[in-house]
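# Breakdown of the fold
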Amino acid sequence: MCSVGGGDFELEIEKIEVERYRCNNCGNKFDAMGEKVVCPSCQSENVVKL
Ligand SMILES: [Zn+2]
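Let's shift gears to the environment of Asn24. With respect to the secondary-structure elements, Asn24 resides in the loop between β1 (19-23) and β2 (29-32). Residues Asn24 and Asn46, 22 residues apart in the sequence, show an inter-C-alpha distance of 5.6 Å. In this view, Asn24 contacts Asn46, Val47 and Val48; residues no more than four positions away in its chain are not counted.

Printed below as a string of structure tokens:
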């Protein structure tokens, strides 16, 4: 149990939060989670959290 910089890391594994996103590239709306979200339709990283 040693903390190496990322204090919340273990908590995020159990608590999965799905967020609603919209793609600025194609306008697709989708649910996603995690830090690196890409549009499932066009694979663009130009997405915004709603
Ligand atoms: Zn898209």
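Another aspect to go through is the coordination of the zinc ion. In the first shell of the zinc ion, the protein supplies Cys23 (SG), Cys26 (SG), Cys39 (SG) and Cys42 (SG), at 2.2 to 2.3 Å from the metal. Coordination at the zinc ion is tetrahedral, judged from the four donor atoms that bind it and the angles of 107 to 116° they form at the metal. All donors of the zinc ion come from a single chain, and their spacing in sequence reads C-x2-C-x12-C-x2-C. With Cys26 in the loop between β1 and β2 and Cys39 in the loop between β2 and β3 (47-49), this residue pair connects regions lying 13 residues apart in the sequence. Owing to a relative accessible area of 42%, Cys26 belongs among the partly exposed residues under this scheme. We classify Cys39 as buried; its relative accessible area is 0%.

Residues Tyr21, Cys23, Phe30, Ala32, Val37, Cys39 and Val47 constitute the largest nonpolar core, which totals seven residues. When residues of this core are traced back to their parent elements, those giving at least two are β1 and β2. Beyond its immediate stretch of four places on either side in the chain, Ala32 contacts Glu17, Val18, Glu19, Tyr21 and Val37.

On to the sheet that holds β2, then. The antiparallel open sheet is built from three strands, whose spatial order is β2-β1-β3. A strand with exactly one partner marks an edge of an open sheet, and here the two such strands are β2 and β3. Pairs of neighbouring strands in the sheet enclose a mean axial angle of 35°, with direction left out of account. Of the strand pairs in this sheet, β1 and β2 are connected by four bridges, and their pairing is antiparallel. Each residue of the ladder has a partner; that of Glu19, found in β2, is Ala32.

Cut-offs used in this document
Residues numbered from 1 in each chain as written. Predicted model: local features only at pLDDT ≥ 70, side-chain atom pairs only at ≥ 80, totals over all residues. Heavy atoms only, no water. Helix = DSSP H or I, 4+ residues; strand = E, 2+ residues; numbered from the N terminus. Contact = heavy atoms within 4.5 Å. Donors = N, O, S within 2.8 Å, 3.2 Å for Na, K, Ca; no water. Tetrahedral: all angles 85-135°; square planar, octahedral: opposite > 155°, others 65-115°. Buried < 20%, exposed > 50% of the residue type's maximum accessible area, 1.4 Å probe, protein only. Core = buried A, V, L, I, M, F, W, Y, C linked by side-chain atoms within 4.5 Å. Pairing = 2+ DSSP bridges. Axes fitted to C-alpha atoms, helices over the stretch in contact; angles between N-to-C directions.

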